[in-house]
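Secondary and tertiary structure notes
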Amino acid sequence: MPLNYSKWDQLELSDDSDIEGHPNVDKRSLINWKQRDIHEKREARKHKIEALNAEIACNNVLKPRLINITHRIAGAQPTNIGDLAEDAQAGKSHTGLPFFQYLVDRLQSNPSPAAPPTNAKDQPTYDAMILSLLFQIYDTVKVLPQDEQAKAVLDGMKKHIAQLAEHTRELEADLAAELKEQKKHITSDDIHEGWESKYVPPKPTPPPIKNAITDTTPETKTTTTKTTTYEVLNPAASSSHAAAAPPPSDADAANDDDEQQEDLPELTPSLAAFSHLSLWDYAQSFAFIQDNRDVVVPGASDALLVAAFQAETDGREKYAKQCVHQSLLLQYCDKLGRDGVRLFFQKMIAGDKRAVSIFVKDVEDTYAHLVMRVAAAATEASSSTPQKEQIQLVPENPDSSITFNVPDGPPPDNLVLEGPGTEDLDIEEVRKALMMRWTVFDGFNDELKDALRVGTLEGVNKVLAEMDVGEAEEVVSKLDLAGIMSFAEGGVRDETGSAKNEDEDVE
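All of the points below concern the structure found in this document. As the structure is a prediction and not an experimental result, all values here were calculated from the model.

**Focus on the overall build of the protein chain**
Within the protein chain, the secondary structure is distributed over 15 helices and five strands. Split into buried and exposed, the 507 residues of the protein chain put 29% on the buried side. Of the contacts formed within the protein chain by residues at least 6 apart in sequence, a portion of 64% connects residues at least 24 apart.

Dropping the structure here:
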């Protein structure tokens, strides 16, 4: 098969060996001049092609607008209402010369900013170009009689449309010639990449789960300090006797527990999505692991077990079992070695009865153990929860009783004092006392108001038990001060905490 070398004829070289020049000019200078000439002509041709494309695009925008204007001057009605001056709603009722005059006024007063997309300085807009054309036509027809101007304007528009179409055809012919000349030569712009082979490095190994316990996790260092002890006759009186270190306090132990809780492995976004996959759907889990490498990392199974414990504590049994299932999936894959993921899922997806039964039993046993641990933790937490301190009202003597005088509302305007012993009382002072009693009562919450209206000591104590100690003491003080609470012997005790069994007198 003969080889075709014709494409190499399109190469344009500036250092041909057969170049001929003047004998008094060295060949290196001639080569440089020719090279510069080639590049200058190439850039000039490129700019000319861009200018021709821009002018043709501009003419393609102007031509349909001029045709539409010509139809409107000829008496045609607008086909649609738009943002262009000739399609505006205001000019819908105009035709002929009135439309021509309206269009000139509209283009002068409210032109559109739309313009050709060029970088030319002071580039006129499309509306400015049309307005200039309309002025040219008007200058030629204004000397004619009134009855001939409409026809002259119409003829002028048609003439310019034909000239624009002819000019556009010339531009397209020039553009085709320039493009043909450009394709005659191979330039650097024609170089393109056919294919290539690149080395794609493997993805880096994802980091382990935060707070994960791995083989490289540093263990707690035990510091051994050597001390020299001297035997003396009177150790208690010796100033050199070192004081024994104080035992760790409860606060320090609590801080250590908090630090241990904070160091638990946490779920990553990928692990959280992995934990919601369906139970016993091994194909789905295998596909997820293949798409998310950061699932099979150190600490992932521990993080899933922590999430399972928390979910079981919150009452989400289904999600807890899913977390246990996914955690054991990762543990089995890790125990099978380097290729454990493929080996494990190959057996499970194929339905190996022995492997499936072992795995299912392990999941059920692990989840049952988790349920027991959650129940034990809940029992331990409830037994160690300290009882809340309370304020309770108790009569000083068993024979005494506590009653509550609840006001029905603020004192009336026409307050009248009746009965023996009321002659020396100041009615305004009585009004203030009654108003103060009502203000104190009205400031209590609704639950306490209802308990006071019922009038039982048990109901009031029940409401006080739900309050903080400081708030309850303030309520008791206000009840006594306003006279709402009354008792026979004037003494009332409050019980603060059933565990302490201590009584305080509240005066």
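**Observations regarding the side chain of Lys-321**
You can see Lys-321 is positioned in helix H9 (residues 317-335). With relative accessibility at 18%, the residue Lys-321 sits in the buried group. Filtering out sequence-adjacent residues up to four positions away, Lys-321 remains in contact with Leu-279, Glu-364 and Tyr-367.

**Quick look at the nonpolar core**
Among the nonpolar cores identified, the biggest contains 33 residues, and Leu-271, Phe-274, Leu-330, Phe-344 and Phe-359 are the most heavily contacted of them. Breaking this core down by element, the ones donating at least two residues are helix H6 (269-275), helix H7 (282-291), helix H8 (300-313), H9, helix H10 (340-350) and helix H11 (353-383). Here this core takes nine residues from H9, the largest share from any one element. Setting aside residues no more than four positions away along its own chain, Phe-344 makes contact with Leu-329, Tyr-332, Cys-333, Leu-336 and Phe-359.

**What about the packing of aromatic side chains?**
Inspection of every chain in the model, using the stated rule, returns ten aromatic pairs. Taking the centre distance of 6.1 Å and the plane angle of 40° together, the rings of Phe-99 and Tyr-102 count as tilted. Linking Phe-99 with Tyr-102, this pair stays in helix H2 (residues 96-109), spanning three residues, or about one helical turn. Ring geometry for Trp-280 and Phe-359: centres 6.5 Å apart, planes at 90°, overall edge-to-face. On the criterion of sequence distance, the pair formed by Trp-280 in the loop between H6 and H7 and Phe-359 in helix H11 is long-range, its members being 79 residues apart. Phe-359 sits in the buried class, given a relative accessible area of 1%.

**With respect to helix H12 (residues 427-442)**
Taking 1.5 Å per residue as the helical rise, H12 with its 16 residues ought to reach 22 Å, and the 22 Å between its terminal C-alpha atoms agrees with that figure. Turning to H12, its buried residues are Val-430, Arg-437, Trp-438, Val-440 and Phe-441. The arc that holds the buried residues of H12, viewed along the axis, is 165°, so those residues lie on one side. In the core, the buried residues of H12 are packed alongside helix H13 (446-454) and helix H15 (469-482).

**Details of the environment of Val-25**
With respect to the helices and strands, Val-25 occurs in the segment before helix H1 (27-73). Under the relative-accessibility criterion, Val-25 is labelled partly exposed at 27%. When neighbours within four sequence positions are excluded, Val-25 is seen to be in contact with Leu-30 and Trp-33.

What counts and what doesn't
Residues numbered from 1 in each chain as written. Predicted model: local features only at pLDDT ≥ 70, side-chain atom pairs only at ≥ 80, totals over all residues. Heavy atoms only, no water. Helix = DSSP H or I, 4+ residues; strand = E, 2+ residues; numbered from the N terminus. Buried < 20%, exposed > 50% of the residue type's maximum accessible area, 1.4 Å probe, protein only. Contact = heavy atoms within 4.5 Å. Core = buried A, V, L, I, M, F, W, Y, C linked by side-chain atoms within 4.5 Å. Phe/Tyr/Trp six-rings, centres within 6.5 Å; stacked < 30°, edge-to-face > 60°. Expected span 1.5 Å × (residues − 1). Arc of directions from axis to C-beta.

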